[in-house]
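Here's the letter readout for the chains.
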Amino acid sequence: MNLNLSVNGKLHAIEAPEEMPLLWAIRDVIGLTGTKFGCGVNQCGACSVLLNGQLTKSCSIPVSQAIEKEILTIEGTSKNLEFLRQAWSDGNVPQCGYCQSGQLIAATSLLDTTENPTDKDIDTVMSANICRCGTYTRIKKAIHQAVAIKNESI
Amino acid sequence: MSTIHKIDRRDFVKLLGLATGGIVLGCSIGTDEKNFIPTKDSKGFHPNLFIHLEKNGNITIIASRSEMGQGIRTSLASAIADELEADWKFISVKQAIGHEKYGNQNTDGSRSVRTQLTPMRKMGASAKMMLLAAAAKKWNVAIEDCSAKNHFILNKNTQESLFFGDLVAEASMVAVPSDESIQLKDVKDFKFIGKTLKSVDLKDFTHGTAAYGMDIRLPNMKFAAIARCPVAFGTLKKFNKRYAEEVTGVETVFELPRIIPPTGKFFGMFGGMVVIAKNTWAAFQGKTNLDIEWNPGANASFDSETFKKTLTSRVHSTGKLVPGGHGNVTAAFEVAAKLIEATYHVPFLAHSPMEVPNATAWFQGNTIEVWAPVQDPQTARSELSHFFEIPEENITINVTFLGGGFGRKSKSDFVVEAVAISKKIKAPVQVVWTREDDIQHDFYHATSAQYLKGSLNRKGEVTGWLQRVGFPSIVSSFKPFSEYASGFELNQGFTNNPYLLENFRLENVQAEANVRIGWMRSVVHIHSGFGINSFIDELAFVAKKDPIKFHLDLLGEDRITNGDSAFPFYSKRLKNVLNKTATAAGWGKKLPKNHGLGVAIHYSFYSYVATIVEVSVLNKKVKVENIWTTIDCGLALNKDNIKNQLEGAAIFGMSIALYGKISMEEGAVAQNNFYDYQMTRMQDAPNIHINIVDAMKEPPTGVGEPGVPVIAPAICNAIFNATGERVRSLPLSDLGMV
Ligand code: FES
Ligand code: FES
């Protein structure tokens with residue numbers, strides 16, 4: 001079917017079966033490859049995007065559910081995402097880097113909903129994202145750091 | 001010998017993808033020991049390391065290594081930048097393509113840093129000397145009156161300075177300094193080496209712009225998924241492709257015959273049924289809809305639980321004697337005050353890097369071009385040349401970013417698949433594995449059984465040590481029916497046991513392979529590290545001694561083994577990391593209720609590692625609270641990267657200890673995806689404290705792998721400390737402990 005997807009503020013008119021998972025519409029049809037495939041079954045978070053601000057595993061919802069909603073991917077930007085990027089760089093977080101798109105999007109959602117997340121809050125949200133390289137300690141630190149950067153900037 | 005040359009040939013510069021103009025220096029390095037792959041034309045100059053200085057001051061380093069998460073690109077760049085006195089912001093790194101001209105590109109075995117450090121430093125130093133000479137000529141002063149600092153050459157007499165970029169034209173006329181004349185900096189003057197440097201790829205990693213294998217897009221590229229027989233080496237019996245072809249986006253479905261590798265080398269591929277589609281999802285859907293009947297073949301009845309029992313009974317009776325033992329254990333056992341026995345198990349494990357195996361290929365009659373996340377592009381290229389009968393010079397392997405490798409991506413079966421399919425459909429194609437494919441068709445880390453028997457005298461000292469080990473050999477993937485471990489495998493912690501043992505006997509038992517076996521991050525050290533450290537802890541307990549003191553005593557007097565090799569073993573350095581870790585962890589301190597500490601040490605990839613783990617155990621559930629690891633890896637090239645690697649190794653080791661288990665039933669792998677092959681997650685992650693020993697005068701040794709083998713035994717020893725219960729068979733999830 002023909003449908004319109006709004007990704008990072010830009011409208012894309014695409015043709016895709018409505019049951020195609022959003023992940024593959026973003027990667028293979030629109031051609032934005034920053035959103036990653038890791039498991040396809042809602043287990044690893046590599047495919048995380050924000051759908052109208054809501055943290056979503058794009059591998060596990062059909063593209064039809066994203067119509068008329070605003071999609072934020074790692075290629076996009078938001079205030080919190082920028083604070084996180086800064087903290088990620090300061091902390092030299094990534095190793096292979098593959099999971100980090102999903103980690104950053106999940107962390108953005110965490111900061112969007114929780115002003116000053118505790119370790120426990122971080123565990124709750126970020127445990128949906130696997131990092132096989134094991135950068136968890138740095139991710140946790142970087143999230144706290146992003147909050148600090150944010151507070152300084154106000 | 002590594003000689004540095006100026007590269008003037010324009011075609012070469014173009015091949016490297018560099019802008020013309022500026023200086024290109026290349027050098028050809030002979031790598032260490034076994035791993036040197038000689039270039040065909042031994043007389044010709046085949047550089048494999050390059051730096052390019054441009055007029056705008058930019059310095060590009062062409063690294064002949066796959067990235068795979070070790071930050072190696074950054075480490076090697078730091079060596080050049082340091083000697084060159086460059087400003088870090090002008091440095092960028094490019095990945096060389098897999099071409100013989102660039103030398104051996106295998107990243108396995110933590111040896112990259114080891115073999116390339118000095119040549120890298122010399123490259124930087126040569127470039128600096130050329131810039132100095134150019135400046136001296138311009139100012140008409142002696143070279144000694146000039147010095148380099150932060151991308152400028154300074155005139156000591158006049159305090160004038162010249163920007164590197166402005167000297168490039170003149171410097172390119174200067175002869176390359178001879179090897180003897182190259183002076184390297186003193187350790188204490190390092191600016192980047194041994195310091196905290198950020199990855200050169202951070203911007204791409206945080207914006208989703210790093211191109212991994214799966215991110216390659218070519219015009220008219222097709223996507224392919226492959227259904228492979230659930231039982232290793234099974235074949236296709238019959239199939240119905242109708243429902244697959246009905247999927248929107250699916251174009252064709254066909255059979256892909258297996259490619260059997262020749263004995264002794266290469267990996268070949270399984271073959272199966274291929275679905276070609278317009279996008280990845282349609283290919284996956286088509287694959288799901290295939291109706292296939294397989295001939296499972298010889299491995300149809302393989303059951304990993306039964307195999308565990310078989311291996312156990314084999315290690316419980318005499319095996320094949322492994323050379324290298326000494327003394328007489330039988331005699332020692334006869335007069336022992338105490339005899340202790342234990343049997344340990346590690347299951348099969350899958351690598352499961354976050355990025356599944358995938359490759360993009362374009363077969364065009366007499367050339368092949370590949371874009372893939374490969375750890376060993378060189379072997380991939382030889383393999384393709386062999387199977388598709390295309391000369392190697394007509395094959396280009398573009399190494400993309402790797403979303404993790406851990407050894408999986410040095411086996412290029414997925415590249416062979418992509419090329420075979422592209423050849424058949426006459427179009428560029430990207431083969432993508434599903435996570436299920438990855439978990440069910442890996443080159444598995446072997447399962448193992450070990451039996452240990454030790455004797456103590458009245459003073460609680462070890463008098464005899466018998467160890468029997470059995471695990472399917474990696475060699476079986478190259479030579480069918482290899483049923484005993486090879487020497488290089490046993491030399492990963494078993495034969496080179498670091499303790500001073502008076503009576504020591506090692507035996508190896510038969511272990512046939514019924515799945516593909518491969519090497520995974522730290523390889524056989526996972527077994528040796530687990531068995532030996534667990535057993536020492538048991539001995540210490542029976543001897544009523546503190547485990548750390550027990551390790552130290554058993555390491556004996558300071559001594560050097562393999563003194564004539566490039567990397568001798570110093571027992572002192574192993575003791576040192578152990579002592580440092582004990583201090584860091586506060587060994588001996590009073591612990592909260594239900595908490596326990598466990599220790600393990602291991603020597604691998606020439607690095608010395610000790611780890612202490614603190615666990616808490618509540619209602620039989622284990623939580624890892626803290627991990628302290630100390631490494632002595634010689635010259636620590638990029639400390640923050642080493643720290644990152646060791647933190648990662650702790651998490652990787654935790655996945656092995658807590659969850660890692662692949663099992664086979666009726667020949668097929670029982671696990672599917674991350675819900676039943678679980679990984680350590682954020683909620684499991686402990687506080688990790690890494691300590692790097694300052695051994696700047698020693699040559700650099702491995703950092704990617706040595707942090708892994710210590711984790712599982714230290715966790716199990718900590719559990720014993722907390723509960724009095726021994727875990728001898730991994731993983732904890734099997735025992736309901738997580
Ligand atoms: S790919 Fe979507 S959760 Fe793993
Ligand atoms: S950085 Fe490699 S998987 Fe997270």
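Residues numbered from 1 in each chain as written. Chains lettered and ligands numbered in written order. Predicted model: local features only at pLDDT ≥ 70, side-chain atom pairs only at ≥ 80, totals over all residues. Heavy atoms only, no water.

**Q** Give a description of the overall build of chain B that names residues and reports values.
**A** In terms of regular secondary structure, chain B is built from 18 helices and 30 strands. Computed over C-alpha atoms, the radius of gyration of chain B comes to 27 Å, within 12% of the 27 Å expected from 2.2 N^0.38 for 738 residues, which places it in the range of a compact globule. The principal-axis extent of the C-alpha atoms belonging to chain B is close to 80 × 70 × 45 Å. Counting all 738 residues of chain B, 65% fall into the buried class. In chain B, the proportion of contacts linking residues at least 24 apart, taken out of those at least 6 apart, comes to 77%. Here chain B holds 81 positive side-chain charges and 75 negative ones, and the gap between their average locations is 1 Å. (Helix = DSSP H or I, 4+ residues; strand = E, 2+ residues; numbered from the N terminus. Rg over C-alpha atoms; globule rule 2.2 N^0.38 Å. Buried < 20%, exposed > 50% of the residue type's maximum accessible area, 1.4 Å probe, protein only. Contact = heavy atoms within 4.5 Å. Lys, Arg positive; Asp, Glu negative; His and termini not counted. Charge placed at Lys NZ, Arg CZ, Asp CG, Glu CD.)

**Q** An account of the pattern of salt bridges is requested, with residue identities and associated values reported.
**A** This structure, assessed with the given rule, holds 43 salt bridges over all chains. Taking the shortest distance from any N to any O, the salt bridge between Arg228 of chain B and Glu417 of chain B comes out at 3.0 Å. Taken together, the positions of Arg228 of chain B in the loop between strand S9 (222-227) and strand S10 (235-240) and Glu417 of chain B in helix H11 (residues 413-425) put the pair 189 residues apart, joining distant regions of the chain. For Arg228 of chain B, a relative accessible area of 6% translates into the label buried. The network of salt bridges with shared partners includes Arg138 of chain A together with Asp640, Lys643 and Glu647 of chain B. (Salt bridge = Lys/Arg side-chain N within 4 Å of Asp/Glu carboxyl O.)

**Q** Give me the lowdown on the sheet that holds strand S6 (residues 146-149) of chain B, citing residues and values where you can.
**A** Residues and elements named next belong to chain B. The three strands are arranged S6-S7-S8 in an open sheet whose pairing can be described as antiparallel. Both edges of this open sheet fall to S6 and strand S8 (161-163), since each of them pairs with a single strand only. Neighbouring strand axes in the sheet, compared pairwise and without regard to direction, differ in orientation by 25° on average. Running at roughly 80° to S8, helix H4 (residues 164-171) makes contact with S6, strand S7 (152-155) and S8 of the sheet. (Pairing = 2+ DSSP bridges. Axes fitted to C-alpha atoms, helices over the stretch in contact; angles between N-to-C directions.)

**Q** Any chance you could break down the packing of aromatic side chains for me, citing the residues and the numbers?
**A** Tallied over the entire structure, the rule returns 27 aromatic pairs over all chains. On the numbers, 5.7 Å between centres and 85° between planes, the contact of Trp24 of chain A with Phe284 of chain B is edge-to-face. In this pair, Trp24 of chain A is assigned in helix H1 (residues 22-30) and Phe284 of chain B in helix H7 (residues 280-288), connecting two distinct chains. Measuring from centroid to centroid gives 5.5 Å for Phe267 of chain B and Phe443 of chain B, while their planes differ by 80°, and the two rings are edge-to-face. With Phe267 of chain B in the loop between strand S11 (250-256) and strand S12 (272-277) and Phe443 of chain B in the loop between helix H12 (435-440) and strand S20 (448-456), this residue pair connects regions lying 176 residues apart in the sequence. The buried category is assigned to Phe267 of chain B, whose relative accessible area is 8%. Of the residues examined, Phe443 of chain B reaches a relative accessible area of 2% and is grouped as buried. One aromatic cluster in this structure is built from Tyr98 of chain A together with Phe205, Tyr212 and Phe401 of chain B. (Phe/Tyr/Trp six-rings, centres within 6.5 Å; stacked < 30°, edge-to-face > 60°.)

**Q** Could you give me a rundown of the domain arrangement of chain A, with the residues and numbers involved?
**A** All names here are of chain A. Entries for chain A in the domain assignment read domain 1 (2-72) and domain 2 (79-153). Summing both sides of the interface, domain 1 and domain 2 together bury roughly 1000 Å²; the carbon and sulfur share of this comes to 63%. The tally of links between domain 1 and domain 2 comes to zero salt bridges. One can count five residue pairs in polar contact (both at pLDDT 80 or more) joining domain 1 with domain 2. Those elements that provide at least two residues to the side of domain 1 that touches domain 2 are strand S3 (48-51) and strand S4 (54-57). Here the side of domain 1 that touches domain 2 gets three residues from one element, more than from any other, and that element is S3. Taken together, the residues that form the side of domain 1 that touches domain 2 break down as seven nonpolar, four polar and two charged. (Domains from an automatic or database assignment. Buried area = accessible area lost by both parts, 1.4 Å probe. Polar contact = N/O pair within 3.5 Å; in protein donor to acceptor, adjacent residues only side chain to side chain. Nonpolar A, V, L, I, M, F, W, Y, C, P; charged D, E, K, R; others polar.)

**Q** I'd like to hear about H4 of chain B, residue by residue, with values.
**A** Those residues of H4 of chain B that fall on the buried side of the exposure criterion are Phe164, Gly165, Leu167, Val168 and Ala171 of chain B. With its buried residues spanning 155° around the axis, H4 of chain B presents them on a single face. (Arc of directions from axis to C-beta.)

**Q** So, unusual backbone geometry: which residues are in play, and what are the values?
**A** Residue and element names in this part refer to chain B. The omega angle of the peptide bond from Leu730 to Pro731 is 0°, so this bond is cis rather than trans. Structurally, the position occupied by Pro731 is in the segment after helix H18 (711-723). Backbone geometry at Asn220 places phi at a positive 60°, although glycine is not the residue there. Along the chain, Asn220 turns up in the loop between helix H5 (202-207) and S9. Using a relative accessible area of 67% as the deciding quantity, one classes Asn220 as exposed. If you check the backbone angles, Ser522 has positive phi at about 80° while not being a glycine. Structurally, Ser522 can be placed in the loop between strand S22 (504-508) and helix H14 (525-542). Taking the relative accessible area as the measure of exposure, Ser522 reaches 0% and is therefore buried.

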